[in-house]
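Overview (structure and organization)
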Amino acid sequence: NKLKSLNSLNLRKNRLSFVPEMDLPNIEHLDLASNYMCEVPEWIKSCNLSYLNLGVNNLESIPDWISEFKELKVLKIHKNKLTNVDAIFGCKKLQFLNLYLNQIQQIPNFIFSLPDIEFFSWGLSKITELPDEICKWKKLKWLSLVANKLRYLPDSICTLQSLQALRIHKNNLCKLPE
């Protein structure tokens, strides 16, 4: 708590089941990935985060106050036990969103209203279709939908002019768009 100038904290790959209460309001970059946490520490809501990695933990939910991070550009919450990600609705500046390997079988429509998405990963989640709304992501450069149950891709995927990488292996694709 005495490190008031600290703006980056990386506690990745430890054995933390929780992180004690801290008062570090200048934290912009926080990495708590690869621990054993079941809850997102509440003290981080006082931070001004642009980067948050909560991947590879035991999270079953994310708190609603996550949507208050108006400057958040990178959010990694992959490899958890999430069944709902509605709390990220207010994070309008997200550019990088990794939701790989959670328990959500359908991409919520609000996700496509995040205008600045450049990187999106939603693999190993058993989704069966990719909505046409994917065309709203004009800045999308990297799309990973690995190991789902997709049978086809919507024609609208062909309108993604910024797309540089498309990872769609290990699906049930029967047909590709023209």
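The sections below set out a description of the structure shown in this document.

Cut-offs used in this document
Residues numbered from 1 in each chain as written. Predicted model: local features only at pLDDT ≥ 70, side-chain atom pairs only at ≥ 80, totals over all residues. Heavy atoms only, no water. Helix = DSSP H or I, 4+ residues; strand = E, 2+ residues; numbered from the N terminus. Rg over C-alpha atoms; globule rule 2.2 N^0.38 Å. Contact = heavy atoms within 4.5 Å. Phe/Tyr/Trp six-rings, centres within 6.5 Å; stacked < 30°, edge-to-face > 60°. Buried < 20%, exposed > 50% of the residue type's maximum accessible area, 1.4 Å probe, protein only. Lys NZ or Arg CZ within 6 Å of the ring centre and 35° of its normal. Patch = residues over 30% accessible without salt bridge, like charges linked within 9 Å, V, L, I, M, F, W, Y side chains within 5 Å. Areas by Shrake-Rupley, 256 points an atom, 1.4 Å probe, with all protein chains shown as cover. Salt bridge = Lys/Arg side-chain N within 4 Å of Asp/Glu carboxyl O. Lys, Arg positive; Asp, Glu negative; His and termini not counted. Charge placed at Lys NZ, Arg CZ, Asp CG, Glu CD. Pairing = 2+ DSSP bridges. Axes fitted to C-alpha atoms, helices over the stretch in contact; angles between N-to-C directions.

**Regarding the overall build of the chain**
Summing up its helical and strand segments, the chain has zero helices and eight strands in all. Along the chain, helices and strands appear, N-terminal first, in the series β-β-β-β-β-β-β-β. Taken over the C-alpha trace, the chain has a radius of gyration of 17 Å; the compact-globule value for 178 residues is 16 Å, and the two agree within 12%. Dimensions along the principal axes, computed over C-alpha positions, put the chain at roughly 60 × 25 × 25 Å.

**Side note on the side chain of Asn80**
When you line up the elements, Asn80 lands in the loop between β4 (74-76) and β5 (96-98). Among residues more than four places away in sequence, those in contact with Asn80 are Leu54, Gly55, Val56, Asn57, Asn58, Leu59, Leu101, Asn102 and Gln103.

**Regarding the environment of His169**
Its place among the elements puts His169 in the segment after β8 (165-167). Residues His169 and Asn148, spaced 21 residues apart in sequence, show a C-alpha to C-alpha distance of 8.6 Å. Non-local contacts of His169, meaning those with residues more than four positions away in its chain, are made with Val146 and Ala147.

**Remarks on the packing of aromatic side chains**
Evaluated as defined, the whole model comprises seven aromatic pairs. Seen in terms of ring centroids, Phe112 and Trp137 are 4.9 Å apart; in terms of plane orientation they differ by 45°. Their pairing is tilted. Here Trp137 lies in the loop between β6 (119-121) and β7 (142-144) and Phe112 lies in the loop between β5 and β6, a separation of 25 residues in the sequence. Per residue, the accessibility class of Phe112 equals that of Trp137, and both read buried. Looking at Lys92, its charged tip hangs above the ring of Phe89, at a distance of 4.0 Å from the centre.

**Regarding a negative patch on the surface**
On the surface, a cluster of negative charge is made up of Glu129, Asp132, Asp155 and Glu178. The class of Asp155 is exposed, set by a relative accessible area of 57%.

**Notes on the environment of Leu163**
Mapped onto the secondary structure, Leu163 falls in the loop between β7 and β8. For the pair Leu163 and Leu140, spaced 23 residues apart in the sequence, the C-alpha separation amounts to 5.5 Å.

**Description of the pattern of salt bridges**
Scanning the entire structure with this criterion turns up six salt bridges. Between Lys139 and Asp116 there is a salt bridge, with its nearest N and O atoms 2.7 Å apart. With Lys139 in the loop between β6 and β7 and Asp116 in the loop between β5 and β6, this residue pair connects regions lying 23 residues apart in the sequence. Lys141 serves as the salt-bridge partner of Glu118, at 3.8 Å between the closest nitrogen and oxygen. Of this pair, Glu118 sits in the loop between β5 and β6 while Lys141 is found in the loop between β6 and β7, placing the two residues 23 residues apart along the sequence.

**Things to note about the sheet that holds strand β3 (residues 51-53)**
Here we have eight strands laid out as an open sheet, ordered β1-β2-β3-β4-β5-β6-β7-β8, and parallel in their pairing. Bordering the open sheet on either side are β1 (8-10) and β8, each of which pairs with just one other strand. Across the sheet, the axes of successive neighbouring strands diverge by a mean angle of 5°, strand direction being ignored. In this structure, β4 lies alongside β5, joined through three bridges in parallel fashion. Looking at the pairing, Lys76 lines up with Asn98 of β5.

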